[in-house]
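# Inside the fold
Here's the letter readout for the chains.
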Amino acid sequence: MALRTQLLRAVCNGSQARQFSELKGKEREGVILLRDVLDDRLREIKRAKTWKHERVLTSPQDTKVTVQGAKGDFLNFCANNYLGFSNHPEVVEAARDGLKKYGAGLSSVRFICGTQIIHKELEQRLAKFHGREDAILYGSCFDANAGLFESMLTPEDAVFSDALNHASIIDGIRLCKAQKYRYPHRDLNELEHLLAHSESRIKLIVTDGVFSMDGTVSPIAGLRTLADKYRALLAVDDSHATGFFGDTGRGTEEYCGVLGAADIICSTLGKAVSGAAGGYTTGPKELVTLLRNVSRPYLFSNAPPPPVVAASLKSLDLVEQSDDLRQRLRENTRNFRSGLKAAGLTVAGDDHPICPVMVGEAPLAVELASGMLERGIYVVAFSYPVVPKGLARVRVQLSAAHTPEDINRAVQAFSEVARKIGIVKS
Ligand code: PLP
């Protein structure tokens, strides 16, 4: 019997599952080839020890989490939950209200019928929060970066990007036709050299505000000076700063004492602000209007869902209402960094809750993270190619929701494990 007829019959008599398993023996040649090719690549990833293991949480994201297959709970030091909003009762309640009032989602992109009053409200709030003319929401900051450069730059223009910029900036730049330059991490001299030799029309400097693997802060004041000298624009991705960095949480430019220095800010709503999802670009109104008209991740992807938008609005209320959480986060950061230093460990980066505990070789970083996990503390080791060879580390991220006891427990555990595995001599 012809295969198609067999399949039809099987579907008609309800034995679809059996028929599919019979089909497995006659797999399409294209799929067989794909499996072979991918098997090789997957083996390569394992050989390079860059395989990503995903632990499955069985609890909400918080400072204490439970993990599938593990007993008890873990003190969590590896989320971007800087202000503790991921599971904050008021944020969760706002998301629930948003769900009830505006439904689960829009089933549409923004310009067809996917714009609700809360999307407009959030865009206005974000623009006002940053003191900019207008803002545009995206499904993520990855999308915001993917949609920025291609929309605003042509072959007549040029983009100058810090070597350690986030993958979404790198990918966004790949999509555009402007001339592309990469300057060494935070190297203003090299950047100036590139700017001075460029005859492009628009010159756009782009940098992370805070670099996520290193906890280092971008030299925003110096970048602004260069931008002014060479009639360039400055774009800052402030995903690891918005809401908590700087006195009032306005981000890296506020922390550096140059509020307003960036011409364009892209940021996420998936870290400090709500922790759910979403991203945005804020800046000159002509740019935002252009993005609404031509930016592909905005035009061709669903509107952010109402519960997520409502959670972000509530988070902004909390960010603006009080400095308490930022203060607590600063104290936690100070105590953790000084505790580890006293224990003989090296914590890289600037004055930021991203605290990379530097170890050196990859196996040692894995051993350190495993030892912490055995003590109920969830941290992650990073090694090449995510960070340069020989600079493997365990990255710790602090939250305002960590208690002083949580911080002490983490410091104590780091000290014990580091001594046990010989990173620190006892
Ligand atoms: N930009 C930076 C600097 C980031 O660290 C991240 C997230 O890791 C993103 C963009 C992407 O943010 P989102 O999760 O909103 O896509």
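Rules behind the numbers
Residues numbered from 1 in each chain as written. Predicted model: local features only at pLDDT ≥ 70, side-chain atom pairs only at ≥ 80, totals over all residues. Heavy atoms only, no water. Core = buried A, V, L, I, M, F, W, Y, C linked by side-chain atoms within 4.5 Å. Buried < 20%, exposed > 50% of the residue type's maximum accessible area, 1.4 Å probe, protein only. Contact = heavy atoms within 4.5 Å. Helix = DSSP H or I, 4+ residues; strand = E, 2+ residues; numbered from the N terminus. pLDDT = per-residue confidence, 0-100. Phe/Tyr/Trp six-rings, centres within 6.5 Å; stacked < 30°, edge-to-face > 60°. Lys NZ or Arg CZ within 6 Å of the ring centre and 35° of its normal.

## Details of the nonpolar core
Within soluble globular proteins, side chains that are nonpolar generally end up buried alongside one another. Grouped together as the largest cluster of nonpolar side chains are 58 residues, with contacts concentrated most on F77, F336, V379, V396 and F414. The contacts of V396, once residues within four sequence positions are left out, are F77, F336, P353, I354, C355, V357, V379 and F414. Formed by 23 residues, the second largest nonpolar core is a distinct cluster that contains L148, V159, L204 and L299.

## Brief notes about unusual backbone geometry
Going from Y384 to P385, the amide bond is cis rather than trans, its omega being 10 degrees. Assignment of secondary structure puts P385 in the loop between β15 (380-382) and β16 (392-397). Despite not being glycine, R231 has its phi angle at roughly 50 degrees, a positive value. Mapping R231 onto the fold places it in the loop between α10 (220-229) and β9 (233-237).

## Focus on the confidence of the model for the protein
A residue-level look at the protein finds 94% of positions with pLDDT of 70 or above and a mean pLDDT of 94. Across residues 1-5, confidence stays below pLDDT 50; counting only partners more than four residues off in sequence or on other chains, it has four contacts.

## Topic: the packing of aromatic side chains
Aromatic ring pairs: the centre-centre distance and the angle between the two ring planes describe each pair. Scanning the entire structure with this criterion turns up six aromatic pairs. Between F245 and Y255, the ring centres sit 4.1 Å apart and the planes meet at 15 degrees, which makes this aromatic pair stacked. Placement of F245 in the loop between β9 and α11 (252-255) and of Y255 in helix α11 is noted, with a sequence separation of 10 residues between them. With relative accessibility at 32%, the residue Y255 sits in the partly exposed group. Chaining the aromatic ring pairs together yields one cluster made of Y82, F244, F245 and Y255. Across from the ring centre of W51, 4.5 Å away, lies the NZ or CZ of K46, which sits over that ring. Above the ring of Y384, the side-chain terminus of K389 is found at 4.4 Å from the ring centroid.

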